[in-house]
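# What the coordinates show
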Amino acid sequence: MRLAFLLYLVVALSAVATGLAVSGFRPDAAMAALVSAKGDNRFERIVLPKALPYDLPAVEGTRDSSLPLVVIDPGHGGFDLGAKGQGLQEKNVVLGLALALRDRLLADGGVRVALTRSDDRFLPLDERYEIARKLGASLFLSIHADSAGDEGSVEGASIYTLSNRASDAAARRFAARENASDHVNGLDLDGKSNAVSSILVALSQRRAQAQSNKFAKLILQEGKGVIDFHSQPLHSATLEVLRAPDVPSVLFESGFITNEADAERLNSPAGRNAVARVLARAVRIYFMDRKDAGSDSAAAPANAQ
Ligand SMILES: [Zn+2]
């Protein structure tokens, strides 16, 4: 009876996995989950891995893998246009900004760079930060542009990090999902009980949170006088794309494309370069600071706020 059920499960999952393979799901990972669940004799606990893209984006810049990797994430893409205004679409504006930032970072050196998308394609939100995690990124920066509808006078950039509440919830969800077979912030969770794993994931998320806040403040600091910021530029919110528990993540709302001046700034080569220079400086200072503090060790959670 039990064997028959197992066989049924294998056949059913194979069929599902094969079907999903077309859309980028990895059947080998699904089967690995099944095998490990078999070993545990706990069918009810089978958690299928999240869908991941077949091809991770190329890492650009030096081949020195000891240098930090920045993953830039231009928001939206494909059928998801994002905000609209002044004849512009957010997906195109933010891709232009992301490419300008990539070029600036590569020209300055000292970091490696990857883009979640470098053309006009759609990516689900969780795939975006999973790309950063898969590549072992040290920093994740999602770039967006805002819309204020008919309120054409609303302007200025804002910087978002994940709220503490959303961060705690994300850590719990992640721990539940990944169970005891993943690495978070260099901490090997394999073989630990679920309870211990949850604590480690929460610590890792706290640490990433503190680093995210630091980077957000650096963008503000470096951008003052160069970029027009919104009157309340720093925010924390429940944003799916910032949920990685082990990669400091910030979302930069570059401005309102419904505002004439912002739209001109974000869609001109001079404006794009100004934004890229500010963000690249913030990235450089962020990593210099971390190097000085030696904060790459996994013992940093105690410093989390
Ligand atoms: Zn957006």
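Residues numbered from 1 in each chain as written. Predicted model: local features only at pLDDT ≥ 70, side-chain atom pairs only at ≥ 80, totals over all residues.

The condition is simple: UniProt positions are given in the numbering used here, feature names are shortened, and annotations may be inferred rather than shown by experiment.
If you check an unreviewed UniProt entry, the protein chain appears there as N-acetylmuramoyl-L-alanine amidase from Qipengyuania algicida. Under the UniProt heading Catalytic activity (unreviewed entry), the entry covering the protein chain gives this text: "Hydrolyzes the link between N-acetylmuramoyl residues and L-amino acid residues in certain cell-wall glycopeptides."

## Describing the overall build of the protein chain
Put simply, the rule is: By the criteria applied, helices consist of DSSP H or I runs no shorter than four residues and strands consist of E runs no shorter than two, each listed in order from the N terminus. Exposure classes come from backbone-placed C-beta atoms, where a residue is buried if 20 or more other C-beta atoms lie within 10 Å of its own, exposed if 12 or fewer do, and partly exposed in between. Placing a C-beta atom from the backbone of each residue, one calls two residues in contact when those atoms lie within 7 Å.
The helix and strand tally for the protein chain stands at eight helices and 10 strands. Looking at the protein chain as a whole, 40% of its 305 residues qualify as buried. In the protein chain, 77% of the contacts between residues at least 6 apart in sequence involve partners at least 24 apart.

## Notes on helix H4 (residues 125-135)
Arg 128, Tyr 129, Glu 130, Ile 131 and Ala 132 are the residues of H4 that are buried. Looking at the residues trailing H4, positive phi occurs at Gly 136, about 70°.

## Looking at the nonpolar core
How we decide: Take the buried Ala, Val, Leu, Ile, Met, Phe, Trp, Tyr and Cys residues, join any whose C-beta atoms are within 7 Å, and the set you get is a nonpolar core.
Grouped together as the largest cluster of nonpolar side chains are 57 residues, with contacts concentrated most on Val 70 and Leu 279. When neighbours within four sequence positions are excluded, Val 70 is seen to be in contact with Leu 105, Val 111, Val 113, Ala 137, Ser 138, Leu 139, Leu 141 and Val 283. Judged by nonpolar contacts, the second largest core, of five residues, contains Ala 171, Val 201, Ala 202 and Leu 203.

## Some points on the pairing of strand S6 (residues 157-162)
Where we set the bar: Each pair of strands is called paired provided DSSP finds at least two bridges between the two strands.
Within S6, six of the six residues are buried, leaving the element largely enclosed by the surrounding structure. Neither face of S6 is exposed, since Ala 157, Ile 159 and Thr 161 on one face and Ser 158, Tyr 160 and Leu 162 on the opposite face are all buried. The sheet contact formed by S6 and strand S9 (residues 229-237) spans five bridges and is parallel. By the bridge assignment, Thr 161 is partnered in S9 with Ser 236.

## Points about the environment of Ile 199
Of note, Ile 199 is situated in helix H6 (residues 194-223). A sequence separation of 27 residues divides Ile 199 from Arg 172, and the C-alpha atoms of the two residues are 8.9 Å apart.

## Structural notes on the sheet that holds strand S5 (residues 139-146)
So the rule is basically this: A fitted line through C-alpha atoms serves as each axis, taken over the contacting stretch for helices, and the angle formed by two N-to-C directions is quoted from 0 to 180°.
Ordered by their spatial adjacency, six strands build an open sheet running S4-S1-S5-S10-S6-S9, and the pairing between neighbours is mixed. A single partner strand is all that each edge strand has here, and the edge strands are strand S4 (112-115) and S9. Ignoring strand direction, the axes of neighbouring strands in this sheet form an average angle of 20°. The sheet contact formed by S6 and strand S10 (residues 249-256) spans three bridges and is antiparallel.

## Quick word on unusual backbone geometry
The phi dihedral of His 76 is positive, around 60°, even though this residue is not glycine. For His 76, the location among the structural elements is in the loop between strand S1 (69-74) and strand S2 (84-85). Backbone geometry at Gln 86 places phi at a positive 55°, although glycine is not the residue there.

## Focus on helix H3 (residues 90-108)
The following threshold applies: To estimate how far a helix should reach, multiply one less than its number of residues by 1.5 Å.
An ideal rise of 1.5 Å per residue puts 27 Å on 19 residues; H3 measures up with 27 Å between its terminal C-alpha atoms. Taken from the residues just after H3, Gly 109 is the one with a positive phi, measuring 80°.

## A short note on the environment of Phe 256
Its place among the elements puts Phe 256 in strand S10. Measuring from C-alpha to C-alpha, the distance between Phe 256 and Ala 148 comes to 6.8 Å, with 108 residues separating the pair along the chain. The residues contacting Phe 256, other than those within four sequence positions of it, are Asp 146, Ser 147, Ala 148, Val 154, Glu 155 and Asp 262.

## Let's talk about the confidence of the model for the protein chain
Selection criterion: Predictor confidence is given residue by residue as pLDDT, running from a minimum of 0 to a maximum of 100.
Mean pLDDT over the protein chain stands at 78; residues scoring 70 or higher make up 70%. Below pLDDT 50 for its whole length, residues 1-51 participates in 36 contacts with residues either more than four positions away or in separate chains. Predicted confidence for residues 294-305 stays below pLDDT 50, and this span has 16 contacts to residues more than four positions away or in other chains.

## Things to note about the pairing of S5
Across the eight residues that make up S5, a large majority, eight, are buried. What you see with S5 is no split at all: Leu 139, Leu 141, Ile 143 and Ala 145 on one side and Phe 140, Ser 142, His 144 and Asp 146 on the other are buried throughout. Two strands pair when backbone bridges link them, and S1 and S5 are joined in this way by five bridges, in the parallel orientation. Opposite Ile 72, over in S5, you have Leu 141 as the bridge partner. Sheet analysis places S5 next to S10, joined by six bridges and oriented parallel. Bridge pairing in S10 links Phe 140 to Ser 249.

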